[in-house]
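# Tertiary structure, described
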Amino acid sequence: MPWEGSVQSDIDPRSLIGRKAFDRDGTKVGTVDEVYLDDATGVPEWAAVRTGLFSRDAFVPLEPSELTDGGLRIPFARALIRDAPDFGVGRHLSPEQELQLYHHYGLDLAAPEPPADRDFGHVAGTEET
């Protein structure tokens, strides 16, 4: 039975290579050429999709994309995917390049929430009674 769901998992990234990639409407965009892992976690984070337009690769986020029976479903419009920055395959993505990709797709860079301030509303140095 094929695995379905979010790509951010323990899936072997090599199994994504060669799969067809589809936009949010189910239109074929291209074929997964390479998968890029997060340096810190080793989790698959980006895929380079060979679009066929002048043999260029479009980088797509693997979260929130889904792996389905037919391939990789990318929840963005085909035009947005095809207009994604092309940094060339086979090279490491720099933090600046990743930031460009996050902005291109309108994805939030999840910043950790600050710890809860338990003393909020109390004046420092005063005791509660």
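Right, let's walk through the structure included here. (Residues numbered from 1 in each chain as written. Predicted model: local features only at pLDDT ≥ 70, side-chain atom pairs only at ≥ 80, totals over all residues. Heavy atoms only, no water.)

### Side note on the overall build of the chain
The condition is simple: Strands here mean DSSP runs of E at least two residues long; helices mean DSSP runs of H or I at least four residues long; both are numbered from the N terminus. Relative accessibility decides the category of a residue: with a 1.4 Å probe and only protein chains considered, values under 20% of the type maximum give buried, values over 50% give exposed, and everything between is partly exposed. Contacts between residues were defined by any pair of non-hydrogen atoms, one from each residue, lying within 4.5 Å. All accessible-area figures derive from a Shrake-Rupley calculation using a 1.4 Å probe, and residue coverage is judged against the displayed protein chains alone.
Looking only at helices and strands, the chain has two helices and seven strands in total. Taken from N to C terminus, the helices and strands of the chain fall in the order β-β-β-β-β-β-β-α-α. Each of the 129 residues in the chain was classed as buried or not, and the buried ones make up 33%. Sequence-distant contacts, at least 24 apart, represent 50% of the contacts inside the chain between residues at least 6 apart. When the accessible surface of the chain is split by element, carbon and sulfur atoms take 51% of a total near 8400 Å².

### Structural notes on the pairing of strand E3 (residues 28-37)
Selection rule: A pair of strands is considered paired only if DSSP assigns at least 2 bridges between the two.
Here strand E2 (residues 20-22) runs beside E3; their pairing, made up of three bridges, is antiparallel. The partner of Ala-21 across the bridge, within E3, is Gly-30. Remark: five residues form the turn of the hairpin made by E2 and E3, two consecutive strands paired antiparallel; Gly-26 in that turn has positive phi of roughly 90 degrees. Bridging between E3 and strand E4 (residues 44-50) involves six bridges; their strand directions are antiparallel.

### Details of the nonpolar core
To keep it simple, the criterion reads: The term nonpolar core refers to a set of buried residues drawn from Ala, Val, Leu, Ile, Met, Phe, Trp, Tyr and Cys, joined through side-chain atoms within 4.5 Å.
Core analysis: the biggest nonpolar cluster contains 25 residues, and Ile-74 and Ile-81 have the highest contact counts within it. Among the elements of the structure, E3, E4, strand E5 (57-61) and helix H2 (95-105) are those that each provide at least two residues to this core. Beyond its immediate sequence surroundings of up to four residues, Ile-74 is in contact with Ala-21, Phe-22, Asp-23, Arg-24, Val-49, Val-60, Ser-65 and Ile-81.

### Looking at the environment of Phe-22
Mapped onto the elements of the fold, Phe-22 is located in strand E2. Sequence separation of Phe-22 and Leu-72 is 50 residues, and the distance between their C-alpha atoms is 6.1 Å. Not counting residues within four places of it along the chain, the set of residues in contact with Phe-22 comprises Thr-27, Lys-28, Val-29, Gly-70, Gly-71, Leu-72, Arg-73 and Ile-74.

### Quick word on the pairing of E4
With six of seven residues buried, E4 lies mostly within the body of the structure. From the end of E3 to the start of E4, which pair antiparallel, there are six residues, and Gly-42 there has a positive phi angle of about 80 degrees. Strand direction decides the pairing type here: E4 and E5, joined by five bridges, are antiparallel. Residue pairing for E5: Arg-50 is matched across the bridge by Asp-57.

### Things to note about the side chain of Asp-57
Our working definition: Under this definition, polar contacts are N or O atom pairs within 3.5 Å; protein pairs additionally need one hydrogen-donor-capable and one acceptor-capable atom, and for neighbouring residues in sequence, both atoms have to be side-chain atoms.
Looking at the element boundaries, Asp-57 is found in strand E5. The class for Asp-57 is buried, based on a relative accessible area of 3%. Here the side chain of Asp-57 touches Arg-50 through a polar contact of 3.0 Å, side chain to side chain. With near-sequence residues (within four places) excluded, Asp-57 lies in contact with Asp-33, Ala-48, Val-49, Arg-50, Pro-85, Asp-86 and Val-89.

### Focus on the packing of aromatic side chains
Spelled out, the test is: Centres within 6.5 Å make a pair out of two Phe, Tyr or Trp rings, where for Trp the six-membered ring is used; the pair is then stacked when the planes are under 30 degrees apart, edge-to-face when over 60, and tilted otherwise.
Per the counting criterion, the structure on display carries four aromatic pairs. When the centroid spacing of 5.2 Å and the interplanar angle of 80 degrees are considered together, the rings of Trp-46 and Tyr-102 count as edge-to-face. Of the two residues, Trp-46 is situated in strand E4 and Tyr-102 in helix H2; the sequence distance between them amounts to 56 residues. Side by side, Trp-46 and Tyr-102 carry an identical accessibility label, which is buried. With centroids separated by 4.8 Å and ring planes inclined at 50 degrees, the aromatic side chains of Phe-76 and Tyr-105 adopt a geometry described as tilted.

Take it as geometry only, folks, not as evidence of what the structure does.
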